[in-house]
Amino acid sequence: MQKKIDYTTLLEKEMRHSLKTHNFVLHYQPQYDSTNQLVAAEALIRWYHPELGIIRPDDFIPIAEDSNLILPIGNWVLQEACEQLNLWQKNSKQQHIKLSINVSAKQIWQKDFVQDVKNIVTTANIDKSKLILEITESVLLGDINEVAQKLQELVDFGLSFSLDDFGTGYSSLGYLKNLPISELKIDQSFVRDLDTNKSDLLMVKSIIALGKNFGLSVVAEGVETQCHFNLLKDLYCDMYQGYYFNRPLPISEFDQLL
Ligand code: C2E
Ligand code: CA
Ligand code: CA
């Protein structure tokens, strides 16, 4: 237990330092439509520590959330994503690409969240319809009306929202009704055994139908095999992301794909 506490304290200290020394980068995981066209990407943060090596987001994002370091990190992610969108927009072969970023509940609960996002996006001078903010149900542990209002303000501003990891939490239909989201992401735990587990197949089928009925675009993540892809295509899933296509890539490799 003491070791764990020490490690957490160390990571927190190193994270503060790395924010100054620019040791974070974004990797980009492609998303394809059912005709195999690369239409979008999810930005996923990577931390390259000079001594500790690569630290996975699952290991440091929870610590960043507990220590509020997720606020400067989240701002950096948004800024970086906007800069990238700006670059793609200057190239006719790249300007159709949409980019999703992950936003923590902690960020959304901040009083100035809406204004901060608007400021960064306005300064970056991007096509707002290309930026998607991925949220998870954990955001609703706060005041749902207040959260819904904040999201609506940003939708009115021109951004859109995706509900990540769908199916793992309460997955309440009320969220779909009350939140201004335009996309559902099926959690990878349902996709993994799609070809062997009947309940997973039924679950995915139901989520896709649900999404369609609500007029949402449905993205499957964790698509690892041709079989996953075919089954999802038969169910009319809209978009596909996973190792079958590509891992999250450094920007140079992603741009090459484009
Ligand atoms: P997530 O948003 O659910 O991201 C998907 C994760 O699944 C990514 O892990 C991705 O690399 C991985 N993945 C993609 N395709 C496959 C596949 O076919 N098979 C398998 N087994 N895994 C696949 P990653 O990059 O390690 O990120 C983990 C989590 O860290 C993310 O889960 C997200 O919750 C969080 N995260 C990452 N970047 C950010 C960020 O910029 N901000 C915040 N707040 N959280 C982030
Ligand atoms: Ca995500
Ligand atoms: Ca996810």
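Placed above this text is the structure.
Here's what I pulled together on the structure shown here. (Residues numbered from 1 in each chain as written. Chains lettered and ligands numbered in written order. Predicted model: local features only at pLDDT ≥ 70, side-chain atom pairs only at ≥ 80, totals over all residues. Heavy atoms only, no water.)

**Here we look at the nonpolar core**
The tendency in soluble globular proteins is for nonpolar side chains to be buried side by side.
At step 1: Counting 77 residues, the largest nonpolar core has Met 15, Val 121, Leu 131, Leu 133, Leu 154, Ile 186 and Leu 232 as its most contacted members.
At step 2: Considering every element that reaches this core, the biggest residue donor is helix α3 (residues 70–89), with 9 residues.
At step 3: Setting aside residues up to four positions removed in sequence, Val 121 forms contacts with Leu 78, Cys 82, Ile 126, Lys 128, Leu 131, Phe 157 and Leu 159. (Core = buried A, V, L, I, M, F, W, Y, C linked by side-chain atoms within 4.5 Å. Buried < 20%, exposed > 50% of the residue type's maximum accessible area, 1.4 Å probe, protein only. Helix = DSSP H or I, 4+ residues; strand = E, 2+ residues; numbered from the N terminus. Contact = heavy atoms within 4.5 Å.)

**Some words on the environment of Lys 212**
At step 1: By the element assignment, Lys 212 lies in helix α9 (residues 198–213).
At step 2: Residues Lys 212 and Glu 183 lie 29 residues apart in sequence; the distance between their C-alpha atoms is 9.8 Å.

**Considering the coordination of the calcium ion (ligand 2)**
At step 1: In the first shell of the calcium ion (ligand 2), the protein supplies Glu 42 (OE), Asn 102 (OD1), Glu 134 (OE) and Asp 164 (OD), at 2.1 to 2.3 Å from the metal.
At step 2: The sequence motif formed by the donor residues of the calcium ion (ligand 2) is E-x59-N-x31-E-x29-D.
At step 3: The distance between the calcium ion (ligand 2) and the calcium ion (ligand 3) comes to 4.0 Å, and Asp 164 binds to both of them. Highlighted residues: Glu 42 in strand β2 (residues 38–49) and Asp 164 in strand β6 (residues 160–166), separated in sequence by 122 residues. (Donors = N, O, S within 2.8 Å, 3.2 Å for Na, K, Ca; no water.)

**As for the coordination of the calcium ion (ligand 3)**
At step 1: Protein coordination at the calcium ion (ligand 3): the donors are Asp 164 (OD), Asp 165 (OD), Glu 221 (OE) and Glu 221 (OE), at 2.0 to 3.0 Å from the metal.
At step 2: Mapping the donors of the calcium ion (ligand 3) onto the primary sequence yields the spacing D-D-x55-E.
At step 3: Of the residues examined, Asp 165 reaches a relative accessible area of 26% and is grouped as partly exposed.

**Quick notes on the site of ligand 1**
At step 1: Gln 29, Arg 46, Gln 188, Glu 224 and Tyr 243 are the nearest of the 22 residues found near ligand 1.
At step 2: The separation between an oxygen atom of ligand 1 and a polar side-chain atom of Arg 46 is 2.8 Å.
At step 3: Between an oxygen atom of ligand 1 and a side-chain N or O atom of Gln 188, the distance comes to 2.7 Å.
At step 4: Protein chains shield 85% of the accessible area of ligand 1, which is 800 Å² for the free molecule.
At step 5: Counting residues per element, the ones that place at least two in the shell around ligand 1 are β2, α2 (57–66), α3 and β6. (Near = heavy atom within 4 Å. Polar contact = N/O pair within 3.5 Å; in protein donor to acceptor, adjacent residues only side chain to side chain. Areas by Shrake-Rupley, 256 points an atom, 1.4 Å probe, with all protein chains shown as cover.)

**Structural notes on the pattern of salt bridges**
At step 1: Across all of its chains, the model carries 11 salt bridges by this definition.
At step 2: With a closest N to O distance of 3.3 Å, Arg 16 and Glu 12 form a salt bridge. Taken together, the residues span about one helical turn, with Arg 16 and Glu 12 both in helix α1 (residues 2–21) at a distance of 4 residues.
At step 3: Relative accessible area serves as the criterion here: at 42%, Arg 16 is assigned to the partly exposed category.
At step 4: Glu 134 serves as the salt-bridge partner of Lys 185, at 2.8 Å between the closest nitrogen and oxygen. Highlighted residues: Lys 185 in strand β7 (residues 183–186) and Glu 134 in strand β5 (residues 131–135), separated in sequence by 51 residues.
At step 5: By relative accessible area, Lys 185 is classed as buried at 0%.
At step 6: Judged by its relative accessible area of 1%, Glu 134 falls in the buried class.
At step 7: Bridged by salt links that share partners, the residues Glu 42, Glu 134, Lys 185 and Glu 221 form one connected network. (Salt bridge = Lys/Arg side-chain N within 4 Å of Asp/Glu carboxyl O.)

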